[in-house]
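# Coordinates in review
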2 protein chains.
Amino acid sequence: MNLPQTYRIAILGATGAVGTEILKILEHRNFPIADLKLLASPRSAGQTMSFAGEALTVEAVSADAFENVDIVLASAGGSISKTWVESITRSGALLVDNSSAFRMDPQVPLVVPEVNPDAASLHRGTIANPNCTTILMAMAVWPLHQVQPVRRIVVSTYQSASGAGARAMEELKTQARSILDGEEPKPEILPYPLAFNLFPHNSPLDESGYCEEEMKMVNETRKIFGAGDLKVTATCVRVPVLRAHSEAINLEFDSPFAVEAAREILEASPGVKLVENWQTNYFPMPIDATGRDEVLVGRIRQDLSNPLALDLWLCGDQIRKGAALNAVQIAELLVSRNLVKPTALEV
Amino acid sequence: MNLPQTYRIAILGATGAVGTEILKILEHRNFPIADLKLLASPRSAGQTMSFAGEALTVEAVSADAFENVDIVLASAGGSISKTWVESITRSGALLVDNSSAFRMDPQVPLVVPEVNPDAASLHRGTIANPNCTTILMAMAVWPLHQVQPVRRIVVSTYQSASGAGARAMEELKTQARSILDGEEPKPEILPYPLAFNLFPHNSPLDESGYCEEEMKMVNETRKIFGAGDLKVTATCVRVPVLRAHSEAINLEFDSPFAVEAAREILEASPGVKLVENWQTNYFPMPIDATGRDEVLVGRIRQDLSNPLALDLWLCGDQIRKGAALNAVQIAELLVSRNLVKPTALEV
């Protein structure tokens, strides 16, 4: 008899914005779970979270917390991932890491399942989940790049508060209320007031003047596409939106790309939804992308300034496809390709 | 004796967001006024507005309202300007028009005083004030274009509610409060909810897929720069900010442009303020541009994807330099170059 295989899963950073969403998505997609462990900082230990009707208690992460675990889905930040990667690997678990810690490590596959699933098979115990803005852009650009290589990308982002975590989302709401009540907003999580304001992404700047977030879009896109010479420039901006990111993308190809062809390709691409109503001027919006799995793409136009270029616009849920969903999809990919050591279902 | 000359001014659309600001700026800049007439729709007639300590009563616009007026500063929308332009011209007044009605008319100069002041002398009774996003971009790009011609511009905008008028600003605040209170926001002025959301600019789309706002940036920039072959592509987006617009601009030149040189040029440009603190990641923000005359420019970077290109970021008060201030500056330019029929100061 062919028993279905199930897996022992741990979520590291279970109480965060992404961890919470991973839990929901595992349940919603019926991920084959034999055992589920919720790990977080000692501060969050003892909380209970609900999964499939059961209340699970959050445990404090420790070196032996990864024993008897097959897959760790980590979303607690780069330093936490770096702290625990050895324990995870030593315990024989596979790490799907949502932080930037290992993304550019040549031994770590960086995977968007719709784009480069085969890269997953090269893993040596860790697979990295790309940066949210990079994932969303890759979803829209890859299907076109397959048909005709992209030469250069100029992208401007409109990134929601959720990218800075659940507390930044709360801060945005608190600030908005303060301003409406005629008070001064107090930034604590974010460096500057975000309500009714916006600012260039505040990740560290390098000597070229690019911030880390922008360099992720440059370098991670190249790695995911396997296109080391792809030219990318990005301007990343934090906007007062709660949880979906938007991007204005200018794509230059090797030769002209018909708008109609691009539209048909994107319409047929898994994980992408074409949202264009030219009569009502209705295109992707963050509130419509929120809570959805698909990246919404629209306003595909021939660039009037360059016969080789197209302009397009997208919105995607930063927490779902930009983080939690992609991580779960990586786990599903590993499972379906038999790249995890499975545990037979105990009957 | 050389009497200072003063002028009889009318503000058409005096009660709107831009009209109100024109009134403030005329007072603040000590514009040489002999007489000031506030004109608006019959709905707004009878209101009083304060100017230099005096209460002025708003009059309903009519054909003979422009008699004994030297300069009309109009900001009541294109159809209103079209309705009254003949009466204005017939009465011998000069029209500085803030609407899009006459901007692309070859007989109407389109003027940003820091960029193309000489164009003003060619007027035949009407001078057009450019679109707000175009003015802000022109302020940052023109000084560089003077040193080395710009070949192509890729711009993404982050446009505040004020661009859609005072009622849109109110709607943004009302919607934000509704959402914070757990209610559904009701869009009335804007087509979609703007609070904690954003959407591509909702001006009419043409068959190329560009919206009117984007085509203004393309065509008006060419006209102001006197560069009919300048290549521009724009993506215009409305964001939940109250009154300053932001723009992410990628500029491709004929040959490489050193970042340091660009910085020095912009630092020395009138009407531009360089705002860059690379240590604290502090760059132009809408809340800092609000109420200011200067266009704040920063994050000037060598584009990593193109040796001929620079990236830069700006914020500017959409109502001031983007509209009211530029209109008053045009009037000042006309006055200083003796291009209006003046009235001798009555002593």
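Throughout, a residue's number is its position along its own chain's written sequence, starting from 1. For naming, the first written chain is A and the first written ligand is 1, with later ones following in the order written. It should be noted that, the model being predicted, local features are given only for residues of pLDDT at least 70 and side-chain atom pairs only at 80 or more, the latter also being counted only at that level, while totals for whole chains, interfaces and linings use all residues. Only heavy atoms go into the side-chain values, all of them from the structure, while hydrogens and water stay out.

An unreviewed UniProt entry lists chain A under the name Aspartate-semialdehyde dehydrogenase, with Zarconia navalis LEGE 11467 given as the organism. UniProt positions are given in the numbering used here, feature names are shortened, and annotations may be inferred rather than shown by experiment. Under the Sequence similarities (unreviewed entry) heading, UniProt states for chain A: "Belongs to the aspartate-semialdehyde dehydrogenase family." You can read under Catalytic activity (unreviewed entry) in the UniProt record for chain A the words "L-aspartate 4-semialdehyde + phosphate + NADP(+) = 4-phospho-L-aspartate + NADPH + H(+)".

## Some words on the packing of aromatic side chains
Residues and elements named next belong to chain A. Only Phe, Tyr and Trp rings take part, Trp by its six-membered ring, and two of them pair if their centres are within 6.5 Å. Stacked means planes under 30 degrees apart, edge-to-face means over 60, and tilted covers everything else. Per the counting criterion, the structure on display carries 16 aromatic pairs over all chains. Seen from their ring centres, Tyr158 and Trp313 are 5.2 Å apart, and the 75 degrees between their planes marks the pair as edge-to-face. Residue Tyr158 is found in strand β9 (residues 150-158), and its partner Trp313 is found in strand β16 (residues 309-317); the two are separated by 155 residues along the sequence. Comparing Tyr158 with Trp313, the two get one shared label, buried. Between Arg299 and the ring centre of Phe283, over which it is positioned, the NZ or CZ distance is 5.6 Å. Comment: elements are numbered from the N terminus, with helices defined as DSSP H or I runs of at least four residues and strands as E runs of at least two. Partly exposed residues are those whose accessible area sits between 20% and 50% of the maximum for their type, while under 20% is buried and over 50% is exposed, using a 1.4 Å probe and protein chains only. In this scheme, the term charge over a ring applies when either NZ of a lysine or CZ of an arginine sits within 6 Å of the ring centre and within 35 degrees of the ring normal.

## As for the environment of Leu198 of chain B
Residue and element names in this part refer to chain B. Relative to the elements of secondary structure, Leu198 occurs in the loop between α4 (166-180) and β10 (199-200). Under the relative-accessibility criterion, Leu198 is labelled buried at 0%. Between the C-alpha atom of Leu198 and that of Asn116, which follows or precedes it by 82 residues, the distance is 34 Å.

## What to know about the confidence of the model for chain A
Per-residue confidence from the predictor is reported as pLDDT, a score between 0 and 100. Within chain A, residue pLDDT values average 95, and 97% of them lie at 70 or more. At the level of chain-chain contacts, confidence expressed as ipTM amounts to 0.95, with global pTM at 0.96.

## Brief notes about unusual backbone geometry
Backbone geometry places Asn30 of chain A, a non-glycine residue, at a positive phi of 50 degrees. Tracing the backbone through its elements, the reader meets Asn30 of chain A in the loop between α1 (17-28) and β2 (33-40). By relative accessible area, Asn30 of chain A is classed as exposed at 64%. Positive phi, close to 60 degrees, is recorded for Asn281 of chain B, a residue that is not glycine. Checked against the element boundaries, Asn281 of chain B lands in the loop between β14 (272-274) and α7 (286-289). The class for Asn281 of chain B is buried, based on a relative accessible area of 10%.

## Describing the interface of chain B and chain A
Opposite the 62 residues of chain B that make contact, chain A presents 61 residues. Two parts placed together each lose some accessible area; with a 1.4 Å probe, that loss summed over both constitutes the buried area. Here chain B and chain A share an interface that buries about 5,200 Å² over both sides, 60% of which is from carbon and sulfur atoms. What makes a salt bridge here is a side-chain nitrogen of Lys or Arg within 4 Å of a carboxyl oxygen of Asp or Glu, nothing more. On inspection of chain B and its partner chain A, the count reaches 8 salt bridges. Across the pair Glu214 of chain B and Arg299 of chain A runs a salt bridge, and its minimum N-O distance is 2.5 Å. Every residue pair with non-hydrogen atoms within 4.5 Å of one another is taken to be in contact.

## A closer look at the packing of helix α3 (residues 132-147) of chain B against helix α8 (residues 320-336) of chain B
Residues and elements named next belong to chain B. Two elements in contact, α3 and α8, have axes whose closest approach is 8 Å; the angle formed by their N-to-C orientations is 90 degrees. Here α3 is positioned roughly perpendicular relative to α8, judged by the angle of their axes. Listed contacts from α8 to Cys132, Ile135, Leu136 and Met139 of α3 are Lys321, Gly322, Ala323 and Asn326. When residue character is reported, Ala, Val, Leu, Ile, Met, Phe, Trp, Tyr, Cys and Pro are called nonpolar, Asp, Glu, Lys and Arg charged, and the others, Gly included, polar. Taken together, the residues of the contact of α3 with α8 break down into 5 nonpolar, 2 polar and 1 charged. Axes here refer to lines fitted to C-alpha atoms; in helices the fit is confined to the stretch in contact. Angles between the N-to-C directions go from 0 to 180 degrees. The labels follow the angle: roughly parallel below 35 degrees, roughly antiparallel above 145, roughly perpendicular from 65 to 115, and oblique for the rest.

## What to know about the relation of the copies chain B and chain A
Superposition of chain B onto chain A requires a rotation of 180 degrees combined with a translation of 0.0 Å along the rotation axis, giving an RMSD of 0.0 Å. With respect to symmetry, the two chain copies, as superposed, fit the operation of a two-fold axis. Both copies present the same face, since 98% of the interface residues in chain B are matched by interface residues at the equivalent positions in chain A. Our superposition of the copies is a least-squares fit, built on the C-alpha atoms of residues whose pLDDT is at least 70 in both.

## Notes on the packing of α3 of chain B against helix α5 (residues 212-225) of chain B
All names here are of chain B. As a packed pair, α3 and α5 sit with axes 10 Å apart at the nearest point and diverge in direction by 40 degrees. Overall, the two elements α3 and α5 adopt an arrangement that is oblique. When you trace α3 past α5, the crossing you get is right-handed. On α5, the residues that touch Cys132, Thr133, Thr134, Met137, Ala138, Val141, Trp142 and His145 of α3 are Glu213, Lys216, Met217, Glu220, Thr221, Ile224 and Phe225. Grouping the constituent residues of the contact of α3 with α5 by class yields 8 nonpolar, 4 polar and 3 charged. Helix crossings are classified by the rotation of the near helix relative to the far one: an anticlockwise turn of less than a right angle makes the crossing left-handed, while a clockwise turn makes it right-handed.

## Remarks on the pairing of strand β6 (residues 71-74) of chain A
Residues and elements named next belong to chain A. Going residue by residue along β6, you find Ile71 and Leu73 tucked away on one face and Val72 and Ala74 tucked away on the opposite face as well. By this definition, two strands are paired if DSSP reports at least two bridges between them. Direction of pairing for β6 relative to strand β7 (residues 94-97): parallel, over a ladder of 4 bridges. Looking at β7, one finds that Ala74 is bridged to Asp97.

## Some words on the UniProt feature "binding site: substrate" (unreviewed entry) in chain A
All names here are of chain A. Here, UniProt's "binding site: substrate" (unreviewed entry) annotation points to Gln159, Glu212 and Arg238. These annotated residues cover 80 residues of sequence, and their C-alpha atoms all fall within 14.1 Å of one another, placing them together at a single site. For Glu212, the position within the fold is in helix α5 (residues 212-225). Once you skip the residues sitting within four places of it in the chain, Glu212 turns out to touch Ser203 and Pro204.

## Digging into the pairing of strand β1 (residues 5-12) of chain A
All names here are of chain A. Within β1, 6 of the 8 residues are buried, which leaves it mostly tucked inside the rest of the structure. Relative to β2, β1 runs parallel, the two being bridged by 6 bridges. Each bridged residue has a counterpart across the sheet, and for Arg8 the counterpart in β2 is Asp35. Between β1 and its parallel partner β2, the chain crosses via α1, and the hand of that crossover is right-handed. We call a crossover right-handed when, viewed with the strands running away from us, the connection from the first strand over the helix to the second turns clockwise.

## Quick look at the sheet that holds β16 of chain A
Residue and element names in this part refer to chain A. Pairing within the open sheet is mixed, and its 6 strands lie in the order β11-β9-β13-β16-β15-β14. Bordering the open sheet on either side are β11 (231-235) and β14 (272-274), each of which pairs with just one other strand. Each strand axis lies, on average, 25 degrees off the axis of its neighbour in the sheet, ignoring direction. Of the strand pairs in this sheet, strand β13 (residues 244-253) and β16 are connected by 9 bridges, and their pairing is antiparallel. Residue pairing in the sheet places Leu251 in a bridge with Leu310 of β16. The strands touched by helix α3 (residues 132-147) within the sheet are β9, β11, β13, β14, β15 (295-302) and β16, with β13 carrying the most contacts at an inclination of about 35 degrees.

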